[in-house]
Structures are given as structure tokens and as C-alpha cells.
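These are the residues of each chain, in order.
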Amino acid sequence: MQWWNDLVEWVTSSEVRPMLFAAALFIVAVVVSSLVAAGASRRALRGIVDQRDREQKQAAIMALVDAATEASVWNSLTPQEQVLSDRAVAQTDTLVRLSPVKGAAVAADWANHQLHEMKRNSATYGYELDPVVEEFRDRLVEWSKKPARARKDFEADLRRWRAESAGSEQALIAEQESWVAKQHHEQYAEVKPAATTGSRPGDITRSTGGTINTSTTQRIIDDVKVLEAERKPSSVS
């Protein structure tokens, strides 16, 4: 206990107080400066990451808008250009889905649906796709500025399209079933009279379903007999 008493007496002495105060002040300064430096570094790194995300998002939006422009004239593109466009769209779709922005996957699904519709409508001559491309661009720009709000709009559009697609698919299936039933009925109506039609009494039925008249057969046999009769005298002489 003597060493503890000596330590306490030394710490509480008036000669050591200035030195202890300076040491404590130095330690506090080091801790505060470390925290400030860490915060500044974190903010700088965060700024770099945010800038990179913005650039990535802007590049993805520009690529999607470019793909929409090509989709609006899809039928006028060569097969090679269509393949390159599809590859660019696939890469852009992956880039959008990997983006840390809220609703990135929903935005990618919405963009894919819109591009598919533009490709399909490009076959309709006289169909103006410029307003559709402009709306497509404006919606993506709005998503880049207000991701949460744009995500709700995208989800609403996707739900509406799914409902419409389900209704059209059911109508298409019903139409296909009706067409199959009609074809089967017509085929059965054609086969049934042929099956019920009997052969005439003087006909010989072939295995292929055709008929041979007996009078024609008898005439052929008589001709053969005449030829044989003509050959016999020549062979005897």
C-alpha cells in the first residue's frame, strides 16, 4: 500500500498537475483530431461512391434511352444491328439491377416491358413512337431524381400490365381451343361420308381404297388371250 500512497501523493502534488493537464489535453486533442479525420475521410469516400453511383445510373439511363430509340425503328434495323442492340440492352439491364438505387429491379422490369412494346409497335406503319420514347426518357429521369415515388408508379404499371396480359392470354387460349375444335369437326365431317360410301356391285376394291370395274378387267383378259393365240401359230411353223 505504500507505493499506492506514494502514487496518489505524487499525482495530487502541485508540481505534477501542469504536466498531467498537458498530457490529458494532448490525448484529447489526438482523439478529437482522429475522429475529425475519420469523419472527413468517410464523407470524402461517401462522396466518391455517390458520384460513381450517379455516373453509373446516368450511363444506364442513357443506354436505355438509346435502346428505346433503336426499338422504335426495330424493323428497319439489320439482323446484325438487332443482335448488337439486344446485347447492349442486356448489359444495361444488368447494370440497372446492380445499381444501389431504390427500386432498381422494378425500373429494369418496367424498361424491359416498354422496350418490348416499342419493338412490337415498330412493325405498324405510321405509328408514331417519338412521344413514347420521350415519355420513356422522362420516366427514367424522374426515377433517378425521386426513386421512391417512381418505384410506386412503376409497380402500378407492372400490375396493370400483368392483369391485361392475363386477360389477353385467356382470350387467346379460348380462341385456340375453339379453332382446334372447329378443325376437328371439319376433318370428321370430311372423313365420315367417305367412310360410309359403299362400293358398287360390279367393282373390285383395291387395298388403297380405289375401285376397278369388272368389264374393264374382262376386256384386258380377252386381249391377252388374243395375243397368245397369235403367238402359237408362229411358234409351230
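J.: Explanation requested: the packing of helix α2 (residues 17–71) against helix α4 (residues 104–121) in the structure shown.
T.: Packed helices, taken two at a time, are described by their axes: the angle between them and the distance between them. Where α2 meets α4, the axes come as close as 8 Å, and the angle between the chain directions of the two elements is 20°. Relative to α4, α2 is oriented roughly parallel. Every residue of α4 that contacts α2 at Leu64, Ala67, Ala68 and Ala71 is listed here: Ala111, Leu115, Met118 and Lys119. Of the residues assigned to the contact of α2 with α4, the class counts are seven nonpolar, no polar and one charged.

J.: Please clarify how the packing of aromatic side chains should be interpreted in this entry.
T.: Note on aromatic pairs: each is described by the distance of the centres and the angle between the planes. This model, assessed by the stated rule, comprises two aromatic pairs. Residues Trp110 and Phe136 carry aromatic rings whose centres are separated by 5.5 Å and whose planes lie at 5° to one another, so their mutual orientation is stacked. You can see Trp110 sitting in helix α4 and its partner Phe136 sitting in helix α5 (residues 130–145), a full 26 residues away along the chain. What makes Trp110 buried here is its relative accessible area of 1%. Residue classification places Phe136 among the buried residues on the basis of a relative accessible area of 1%. Look at Trp110 and Phe154: their rings are 4.6 Å apart centre to centre, the planes differ by 25°, and that puts the pair in the stacked class. Separated by 44 residues along the polypeptide, Trp110 in helix α4 and Phe154 in helix α6 (residues 147–196) bring together distant segments of the chain. On the basis of relative accessible area, Phe154 is assigned to the buried category, the value being 0%. For Lys119, the ring lying beneath its charged end belongs to Trp74, and the centroid distance is 4.2 Å.

Procedures and definitions
- The written sequence of each chain sets the order in which its residues are numbered from 1.
- Residue-level local features of this predicted model are given only where pLDDT is at least 70; pairs of side-chain atoms are given and counted only at 80 or more, and the full residue set underlies all totals for whole chains, interfaces and linings.
- Side-chain metrics rest on all non-hydrogen atoms present in the structure, leaving aside hydrogens and water.
- For helices, the axis comes from a line fit to the C-alpha atoms of the stretch in contact; other axes are also lines fit to C-alpha atoms, and the angle between any two N-to-C directions lies between 0 and 180 degrees.
- A helix here means a DSSP run of H or I that spans at least four residues, while a strand means a run of E at least two residues long, and both kinds are numbered starting from the N terminus.
- In these notes the angle categories are as follows: under 35 degrees is roughly parallel, over 145 is roughly antiparallel, 65 to 115 is roughly perpendicular, and the rest is oblique.
- Contact criterion: two residues are considered in contact whenever any of their non-hydrogen atoms come within 4.5 Å of each other.
- The classification used treats Ala, Val, Leu, Ile, Met, Phe, Trp, Tyr, Cys and Pro as nonpolar, Asp, Glu, Lys and Arg as charged, and all other residues, Gly among them, as polar.
- Stacked, tilted and edge-to-face are the three classes applied to pairs of Phe, Tyr and Trp rings, where Trp contributes its six-membered ring and a pair requires centres within 6.5 Å; stacked means planes under 30 degrees apart, edge-to-face means over 60, and tilted covers the rest.
- Classification of residues uses two cut-offs on accessible area relative to the type maximum, computed with a 1.4 Å probe and protein chains only: under 20% is buried, over 50% is exposed, and between them is partly exposed.
- Charge-over-ring contacts are defined here by two conditions on Lys NZ or Arg CZ: a distance within 6 Å of the ring centre and an angle within 35 degrees of the ring normal.

Fair warning: the whole summary comes from geometry, so function is off the table for now.
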